[in-house]
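# Descriptive structure summary
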Amino acid sequence: MSGSDIVVLVKPTPDTTKVRFDVETGRVDRGSAELEINPFDLYALELAVRLRESLGGRIVALAMAPPHAEKALRDAIARGADRAILLSDSKFAGADTLATSYTLATAIRKLGSFRLILCGEKSVDGDTGQVGPEVAEHLSVPHAAFVQGVVDFGDESITVEADFGAGYYLVRLKYPALLSVSRPLAFKGERLEPRIPKLSDLMRARKATVEVWQAGDLKGVDHSRIGWAGSPTRVVKASYALEKGRNPVVFKSIDDAAEAVIELLKRKNLL
Amino acid sequence: MGYGVLTYVENVDGKLNPASLELLSKAGEIVRARGGKVYSVLVAASENPQEFRELAACGVDVLLVYKVGEDRLCDYLLHAEALAHAIRRVNPALVLVSATPWGRSFAPRVAARLGLGLTADCLDVYVDEAGDIVQVRPAFTGNLIAHIKTVTSPAMATVRPGVFAKPTPDYSRRLEAVVLEELPVHPSGLEVLGPSRRKSVSLSEASVVVAVGRGMRKKEDISLFMELAKMLGGEYAVSKPLVDAGWFEKERQVGFSGNIVKPKVYLAFGITGAPQHIAGMKDSECVVAVNMDPSAPIAKYSDIFVVGDMYEVARRLLERLKVFKS
């Protein structure tokens, strides 16, 4: 790994529209849907490919997931990654954002120097958005989160537009740095969309090697800081939220519907 | 074990974010249940007596003010520095930060630095029978609600804006103490150059949201729904496909990857109700949905469901409203 490389953190996630839940206990049946790259991370990967075109370097896709996530990492190769590493070990299991970010940061340290770390603003399953900034903190590099677009970049720094909530701000970061990106994502005024791999990309990805690193491969890793043991947040109870639907009054007559809506607005003191 | 609750006061641009005051309702509640004081952290360029008064009225006992130069006020790495310093100093039982993009960007750094658990985007925080702090948050695109305990102390959470009401201010309250702190300023590799674009709208604050989805045939048709929204004193919004198509800005988008809204009335026109959309509007007080397809998933999340053409229904509604208002 060299100082011009780009690490893309990809999270293999189940398709949240297909995954099954136990309605009673709120348990997730993670085997019920195949793992694919978190949609937000696809934008990070696409951005990495575009930056590589100008800045050079290699793209390393890095994930921490169960062994069957290998396919998602192959997909990262098909979409432009030069190298794919899967951190997979039962010792990593049960990790929350603190343990995950520590593990990822330890793996990045093992890789050596880098120019940028890119990831999606959050994942569709965990939905915390915390792992990116936490990785940046572990590695003592600056970060920008909720990045709406890359405005400019050079050999020393990159300027991005980030959502601060109160408004959008321009932020310049010196390399090495971490960016967690939103979608839609702009690249010098152009709108980026994740590419669809070509047949030749898929063929190349099929033949490529996905490196699997276990806890023992991470030199100096503190075992008390990984997996469940290293995770201070514990889910004590979970429930299924969406079944709690409403009971609609259905209208087919537009006149009746309009009356009902007016009544509702009056009741809510909106008229 | 820590004692009391520490909240972070957000003031990007020098303006106090109302969401920061909402945190104080919860902080007060937890302190009443478990004891201790309400501490708040403020990073500011100058001391603003009016702001201090507002914070005191909303329940702050002790205010820690970190003074930084005007030019570094938007450097969130400094805010992380300040919050980490305050946590070490106060040693509270709980730390609350608003789950705004700003809060969600820097709070994780503080958690990582101090080796603390952080629970994201909470919908509630409560004290259970055992006296433990429990955090409640959605996961899996809003499909799951998880109750979480933290084994490190303090527990740390970001809280979704709008879930707690702002406390009723009591202007007879005074701050017990204002503690002024200085931060060692060292280069962070980061430079905030300044604002680039204002946001045209803040959907999360609208009391009525008129949202349109893929049922809308062309971009220009939005004028009808804009008029309806205006008539109702609300805002218009769109679903993700219309933003993906490049028709609208993301700040108009309702959904998991856009804005989470909780208006009094949410009117959905031509929106099927993909899970990613439902995650953004299901906590609305009342939902009215209009769709040609009687089996559209959004029906299940509606109080009034109209099977019909979105344009016809919107036009009829407008007519009726005009009559009503005249």
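Described in the following lines is the structure provided in the data block. In this convention, every chain numbers its residues from 1, walking through the sequence in written order. Here chains are named by letter from A upward and ligands by number from 1 upward, in the order in which they appear as written. In keeping with the model being predicted, local features are shown solely for residues with a pLDDT of at least 70 and side-chain atom pairs are shown and tallied solely at 80 or more, while totals for entire chains, interfaces and linings include all residues.

## Description of the pairing of strand S11 (residues 168-174) of chain A
Counting buried positions over the 7 residues of S11(A) gives 5, a clear majority of the element. Note: two strands are recorded as paired if DSSP finds a minimum of 2 bridges between them. Helix and strand definitions here come from DSSP, where helices need a minimum of 4 consecutive H or I residues and strands a minimum of 2 consecutive E residues; each element is numbered from the N-terminal end. Summarising the sheet, strand S10 (residues 157-163) of chain A and S11(A) pair through 7 bridges and their orientation is antiparallel. Each bridged residue has a counterpart across the sheet, and for A:Ser157 the counterpart in S11(A) is A:Lys174. Between S10(A) and S11(A), which follow one another and run antiparallel, lie 4 residues, and A:Gly165 among them has a positive phi close to 90 degrees. By the bridge criterion, 6 bridges tie S11(A) to strand S11 (residues 190-197) of chain B in an arrangement that is antiparallel. Counterpart to A:Leu173 in the pairing with S11(B) is B:Leu190. The exposure scheme places C-beta atoms from the backbone and then counts, for each residue, the other C-beta atoms within 10 Å of its own, assigning buried at 20 or more, exposed at 12 or fewer, and partly exposed in between.

## A few points about the sheet that holds strand S14 (residues 265-269) of chain B
Spatially, 6 strands are ordered S16(A)-S16(B)-S15(B)-S14(B)-S12(B)-S13(B) in an open sheet, and the strand pairing comes out parallel. In the strand order of this sheet, the two ends are held by strand S16 (249-251) of chain A together with strand S13 (235-238) of chain B, each with one partner. Sheet twist, expressed as the mean angle between neighbouring strand axes with direction ignored, is 20 degrees. Two elements, strand S15 (residues 286-291) of chain B and strand S16 (residues 304-307) of chain B, share 4 bridges in a ladder whose sense is parallel. Bridge pairing links B:Asn291 to B:Val307 in S16(B). Angles here are taken between N-to-C directions and fall from 0 to 180 degrees, while the axes themselves are lines fitted to C-alpha atoms, restricted in helices to the stretch in contact.

## Some details on the packing of helix H6 (residues 254-267) of chain A against helix H8 (residues 310-325) of chain B
Helix-helix packing is described using two parameters, namely the angle between the two axes and the distance between the axes. Where H6(A) contacts H8(B), the two axes come as close as 9 Å, and the packing angle between them is 50 degrees. Relative to H8(B), H6(A) is oriented oblique. With respect to the hand of their crossing, H6(A) and H8(B) are arranged in right-handed fashion. In contact with A:Ile254, A:Asp255, A:Ala257, A:Ala258, A:Val261 and A:Ile262 of H6(A), H8(B) contributes B:Glu312, B:Val313, B:Arg316, B:Leu317, B:Arg320 and B:Phe324. Residue classes in the contact of H6(A) with H8(B) are distributed as 8 nonpolar, no polar and 4 charged. For classification, angles of less than 35 degrees are called roughly parallel, those exceeding 145 degrees roughly antiparallel, those between 65 and 115 degrees roughly perpendicular, and all remaining angles oblique. Left-handed describes a crossing in which the near helix is turned anticlockwise from the far one by less than a right angle; the clockwise case is right-handed. A pair of residues counts as a contact when their C-beta atoms, built from backbone coordinates, are separated by no more than 7 Å. Three residue categories are used. Nonpolar comprises Ala, Val, Leu, Ile, Met, Phe, Trp, Tyr, Cys and Pro, charged comprises Asp, Glu, Lys and Arg, and polar comprises the others, including Gly.

## Some thoughts on helix H3 (residues 76-90) of chain B
Residues and elements named next belong to chain B. The span expected for a helix works out to 1.5 Å for each residue beyond the first. In this model H3 runs 21 Å from its N-terminal to its C-terminal C-alpha over 15 residues, within 8% of the 21 Å that 1.5 Å per residue would give. For H3, the buried fraction is high: 12 of the 15 residues fall into the buried class. Those residues of H3 that fall on the buried side of the exposure criterion are Tyr76, Leu77, Leu78, His79, Ala80, Glu81, Ala82, Leu83, Ala84, Ala86, Ile87 and Val90. If you follow the buried residues of H3, they end up packed against strand S1 (5-9), strand S2 (38-44), strand S3 (62-67), strand S4 (94-98), helix H4 (101-114) and S11. A positive phi of about 50 degrees marks Asn91, the residue just after H3.

## Observations concerning the sheet that holds strand S15 (residues 233-240) of chain A
The 4 strands lie next to each other as S15(A)-S8(B)-S7(B)-S6(B), forming an open sheet whose pairing is antiparallel. Each edge of the open sheet is held by one strand with a lone partner, namely S15 of chain A together with strand S6 (124-127) of chain B. The sheet shows a mean angle of 25 degrees between the axes of neighbouring strands, taken without regard to direction. Where S6(B) and strand S7 (residues 133-139) of chain B come together, 4 bridges link them in antiparallel fashion. Pairing of B:Asp124 across the sheet is with B:Val136, part of S7(B).

By themselves these figures say nothing about function.
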